[in-house]
Amino acid sequence: MGKIVAIITTEHEKVAGGAPIFVEPDEEKREATAFLLEKILDAAVHDLKNGCFILVSHH
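Quick summary incoming for the structure in this document. Source: prediction; values computed, not measured.

1. Focus: the nonpolar core
Piece 1. Membership of the largest hydrophobic core is limited to 8 residues, which are Ala6, Ile8, Ala34, Leu37, Ala43, Val45, Phe53 and Leu55.
Piece 2. When residues of this core are traced back to their parent elements, those giving at least two are strand E1 (3-9), helix H1 (27-41) and strand E4 (52-57).

2. Side note on the side chain of Thr9
Piece 1. Relative to the assigned elements, Thr9 resides in strand E1.
Piece 2. Beyond its immediate stretch of four places on either side in the chain, Thr9 contacts Val15, Ile21, Phe22, Val23, Glu24, Arg30, Gly51 and Cys52.

3. Points about the pattern of salt bridges
Piece 1. The final tally for this structure, using the stated rule, is 3 salt bridges.
Piece 2. Across the salt bridge formed by Glu27 and Arg30, the nearest N and O atoms sit 2.3 Å from each other. Placement of both Glu27 and Arg30 in helix H1 is noted, with a separation of 3 residues, approximately one turn of the helix.
Piece 3. According to the relative accessible area criterion, Arg30 is buried, its value standing at 7%.

Calculation rules
Residues numbered from 1 in each chain as written. Predicted model: local features only at pLDDT ≥ 70, side-chain atom pairs only at ≥ 80, totals over all residues. Heavy atoms only, no water. Core = buried A, V, L, I, M, F, W, Y, C linked by side-chain atoms within 4.5 Å. Buried < 20%, exposed > 50% of the residue type's maximum accessible area, 1.4 Å probe, protein only. Helix = DSSP H or I, 4+ residues; strand = E, 2+ residues; numbered from the N terminus. Contact = heavy atoms within 4.5 Å. Salt bridge = Lys/Arg side-chain N within 4 Å of Asp/Glu carboxyl O.

Spelled out as structure tokens, the structure:
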């Protein structure tokens, strides 16, 4: 089972929990941050289609 290691969103009110939350002002920045963190954390990015990306480690 995977573990959520980060959440990237444009709206902080939509998310909560124990993973780090990155709030970006617009869609382009949200996507750029998600794909940069994907490489840094060696994780998979998943678009929840609600304005949030989650990064999941499958290690």
